[in-house]
There are 2 protein chains.
Amino acid sequence: MAYKRTFGHIPGHPEGSTYSSRKEVQAAGLHAHEQAGISGTAKQGADAIVLNGGYPDDRDYGDEIIYTGHGGQDPNTKKQIKHQDLNDWGNAALVRSQLEGLPVRVIRGFNGDKSYSPASGYRYDGLYRVAAHWFADHEADPRFRVCQFHLIKIKDEAEAGILVDQPIETSLEEDLAQKQGPAPHKQTTVNKAVRNAEVVRRVKEWHQHRCQVCGIILQVDAGPYSQGAHIRPLGLKHGGPDMESNMLCLCPNDHVRFDNGALYITDDLKVVNALTGEVIGPLRTHPRHKIDLDHVRYHRSQLRSIPES
Amino acid sequence: MAYKRTFGHIPGHPEGSTYSSRKEVQAAGLHAHEQAGISGTAKQGADAIVLNGGYPDDRDYGDEIIYTGHGGQDPNTKKQIKHQDLNDWGNAALVRSQLEGLPVRVIRGFNGDKSYSPASGYRYDGLYRVAAHWFADHEADPRFRVCQFHLIKIKDEAEAGILVDQPIETSLEEDLAQKQGPAPHKQTTVNKAVRNAEVVRRVKEWHQHRCQVCGIILQVDAGPYSQGAHIRPLGLKHGGPDMESNMLCLCPNDHVRFDNGALYITDDLKVVNALTGEVIGPLRTHPRHKIDLDHVRYHRSQLRSIPES
């Protein structure tokens, strides 16, 4: 059965829904696998985890969880025989969810911490964000290192940047298929609980996380990191659209500068230091990334003094 | 009367408290002034605003507000006769609150939007964060520009990084007084609703917002910008202390790298690229900023492979 990967809530399966088996959890579209704890890919991120007493290193505090990653266990004895690392797709997927701010569904099973777990079967317990990851000595055998994740419940989805009123139905695979031929069987969609995750992902993919202003590709342990910056801001007053033509791929430093009046872009796509008037250089572009000059002009109109066009 | 500037809630004055006059609001410690809309300084940030129909450009949506800044009005006619800018202390204060993530108390007055304002007098309506600022044509006279602020209600103070269980009583003035002689009459304290705002402020002041890793001072329209990064993380599992000896002043790029396994610090305070092993250079230090090596070692222990010390 093809798994349709969705980030956010699954329609028809509200928080608190219960399931008698992993197979039912999988059939509901909540989690890709029948056994593995993590659902996801290194490239797309993790959409769900099952918390079911798999590691002594896990800690469950209800709204906060310390979750231990995949890998390094002997398949028969379940004992740790190797370090865990980010080459494991599951661990890499959870770090990618952290870096991209994607929500992770948490499903608790009957073997988990008694205070927060169902007495039998499995229960969907809502969306969490991955706040951090790190490596620690395995409690049962400190010769080996495990990868751990700090998950925090998302209580206010709007505050967390996760909107509920903006359905995005385009799939990443559809886009990739344009380059790679027929769409694969597996489908990825991002449901209305996540604001423009697909749009951001596409822009970052075009630029391979390279900052369009300074050209840096910021590297962290799980790979490259960048941010999607709206040119004309979303929401109140500005009403910028949630589209690729209104987004830049920026490093965090240039994102702060762009959003706070220190950089602007000219109609011929040069980047200017708004504080000195100095032209920094051309905006780095990608043939598929069409930037709408109306948004660029709108952004300029928000500066403390409007530059000559 | 000396005003004791406090960021966050004021004990004894919960959200919803009402006052018959600006004088009462001031006496409660909610706002520094009897007339000006903004309470704050360019250096410390804004701790409160009064929203009372002062500008046609204001918009009140309850949990979100578009607030228009100070300045440029003829004192007699109240007509706009000049542009607003960030040289105005009030506007600069609100931008500083945005950059530092400080909470702003919102007090609504009887002249404000009827849907959300009290019928008479003034009401304390809780804490908001400044999400953004920009400049726009003044609605009543588009020849002049006004500075505007997007405020969003803080619904989950822990989620917003504002803790309620960590009182911080040290005042900025006490610290400054060590260099400048006797403490001034005006006192600033940061109450328990704000996590370590004083600690962060002190570290940034020592380094003048210069990144301790790369040396950049990121400039935006309101001045320099940096982030306070905990060396040993706070909270679950790590339990790092909220102190200057556990904090670095970093640019956003190096903050992401430091928190995600791409940088570490040696016992002799060299910065190393954890992905390549290359020594980037010495950590920039300040004589008053003592860094606790235990925290530096703890941070290293969280990396995917523990470097030789």
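Residues numbered from 1 in each chain as written. Chains lettered and ligands numbered in written order. Predicted model: local features only at pLDDT ≥ 70, side-chain atom pairs only at ≥ 80, totals over all residues. Heavy atoms only, no water.

## Re the relation of the copies chain A and chain B
Here is step 1: Mapping chain A onto chain B is achieved by rotating through 180° and translating by 0.0 Å along the same axis, at an RMSD of 0.0 Å. The relationship between the two copies is best expressed as a two-fold rotation axis.
Here is step 2: Most of the interface of chain A is mirrored in chain B, where 100% of its interface residues again form contacts. (Least-squares fit on C-alpha atoms with pLDDT ≥ 70 in both. Contact = heavy atoms within 4.5 Å.)

## Let's talk about the domain arrangement of chain A
Residue and element names in this part refer to chain A.
Here is step 1: Parsing chain A into structural domains produces domain 1 (17-160) and domain 2 (197-302).
Here is step 2: Taken together, the 10 residues of domain 1 in the interface contact 11 residues of domain 2.
Here is step 3: Taken together, both faces of the contact between domain 1 and domain 2 bury some 770 Å²; the carbon and sulfur share is 51%.
Here is step 4: The interface formed by domain 1 and domain 2 contains 2 salt bridges. (Domains from an automatic or database assignment. Buried area = accessible area lost by both parts, 1.4 Å probe. Salt bridge = Lys/Arg side-chain N within 4 Å of Asp/Glu carboxyl O.)

## Side note on the sheet that holds strand β17 (residues 279-282) of chain B
All names here are of chain B.
Here is step 1: One open sheet holds the 3 strands; their spatial order is β15-β16-β17, and the pairing between them is antiparallel. In this open sheet, the two edge strands, each paired with only one partner strand, are β15 (263-265) and β17. Averaged over all neighbouring strand pairs, the angle between strand axes comes to 25°, with direction disregarded.
Here is step 2: In terms of strand pairing, strand β16 (residues 270-273) meets β17 through 3 bridges, oriented antiparallel. Bridge pairing links V272 to V279 in β17.
Here is step 3: Lying on the sheet, helix α5 (residues 252-259) is in contact with β15, β16 and β17; it crosses β15 at an angle near 80°. (Pairing = 2+ DSSP bridges. Helix = DSSP H or I, 4+ residues; strand = E, 2+ residues; numbered from the N terminus. Axes fitted to C-alpha atoms, helices over the stretch in contact; angles between N-to-C directions.)

## Details of the interface of chain A and chain B
Here is step 1: Opposite the 42 residues of chain A that make contact, chain B presents 42 residues.
Here is step 2: At the boundary of chain A with chain B, total buried surface from both sides reaches about 3700 Å², with 56% on carbon and sulfur atoms.
Here is step 3: Where chain A packs against chain B, one counts 13 residue pairs in polar contact (both at pLDDT 80 or more).
Here is step 4: For the side of chain A that touches chain B, the elements supplying multiple residues, two or more each, are β6 (64-68), α2 (89-100), β8 (122-138), β9 (141-153), β11 (218-220) and α5 (252-259) of chain A.
Here is step 5: Within the side of chain A that touches chain B, the residues separate by chemical class into 20 nonpolar, 11 polar and 11 charged. (Polar contact = N/O pair within 3.5 Å; in protein donor to acceptor, adjacent residues only side chain to side chain. Nonpolar A, V, L, I, M, F, W, Y, C, P; charged D, E, K, R; others polar.)

## Brief notes about the pairing of strand β16 (residues 270-273) of chain A
Residue and element names in this part refer to chain A.
Here is step 1: Both strand β15 (residues 263-265) and β16 contribute to a ladder of 3 bridges, which runs antiparallel. Along β16, the bridge assignment pairs Y264 with V272.
Here is step 2: Between β15 and β16, which pair antiparallel and follow one another directly, the connecting turn spans 4 residues, one of which, L269, has a positive phi of 60°.
Here is step 3: Hairpin connection of β16 to strand β17 (residues 279-282): 5 residues between the antiparallel strands, including G277 at a positive phi of 80°.

## Remarks on the UniProt feature "domain: YDG" (unreviewed entry) in chain A
Here is step 1: Mapped onto this numbering, the UniProt entry annotates "domain: YDG" (unreviewed entry) at residues 8-153 of chain A.
Here is step 2: Each end of residues 8-153 of chain A is marked by a C-alpha atom, and these two atoms are 12 Å apart; helix forms 12% of the span and strand 38%. (UniProt positions renumbered as here; feature names shortened; annotations may be inferred.)

## Notes on the sheet that holds β15 of chain A
Residue and element names in this part refer to chain A.
Here is step 1: The strand order β15-β16-β17 describes an open sheet built from 3 strands, whose pairing is antiparallel. What marks the edges here is a single partner per strand, and that holds for β15 and β17. Taking each pair of neighbouring strands and ignoring which way they run, the sheet shows an average axis angle of 25°.
Here is step 2: In the packing of α5 onto the sheet, the strands contacted are β15, β16 and β17, and the crossing angle to β15 comes to about 80°.

## Description of the pairing of strand β3 (residues 38-41) of chain B
Residue and element names in this part refer to chain B.
Here is step 1: The pairing of β3 with strand β4 (residues 45-51) spans 4 bridges and is classified as antiparallel. Bridge pairing in β4 places G40 opposite A46.
Here is step 2: Between the antiparallel neighbours β3 and β4 lie 3 residues.

## Considering the pattern of salt bridges
Here is step 1: Under the defined criterion, the tally for this structure stands at 42 salt bridges over all chains.
Here is step 2: Its salt-bridge partner being R257 of chain A, residue D254 of chain A comes within 2.9 Å of it at the nearest N-O pair. Of the two residues, D254 of chain A and R257 of chain A are both situated in helix α5; the distance of 3 residues between them amounts to about one turn of the helix.
Here is step 3: Overall, D254 of chain A belongs to the buried group, its relative accessible area being 3%.
Here is step 4: Among the salt bridges present, the one from D268 of chain B reaches K270 of chain B, with a minimum N-O distance of 3.3 Å.
Here is step 5: Assessed through its relative accessible area of 51%, D268 of chain B is described here as exposed.
Here is step 6: Here the salt bridges do not stand alone but share partners, grouping D60, R108, R123 and D125 of chain A into one network. (Buried < 20%, exposed > 50% of the residue type's maximum accessible area, 1.4 Å probe, protein only.)

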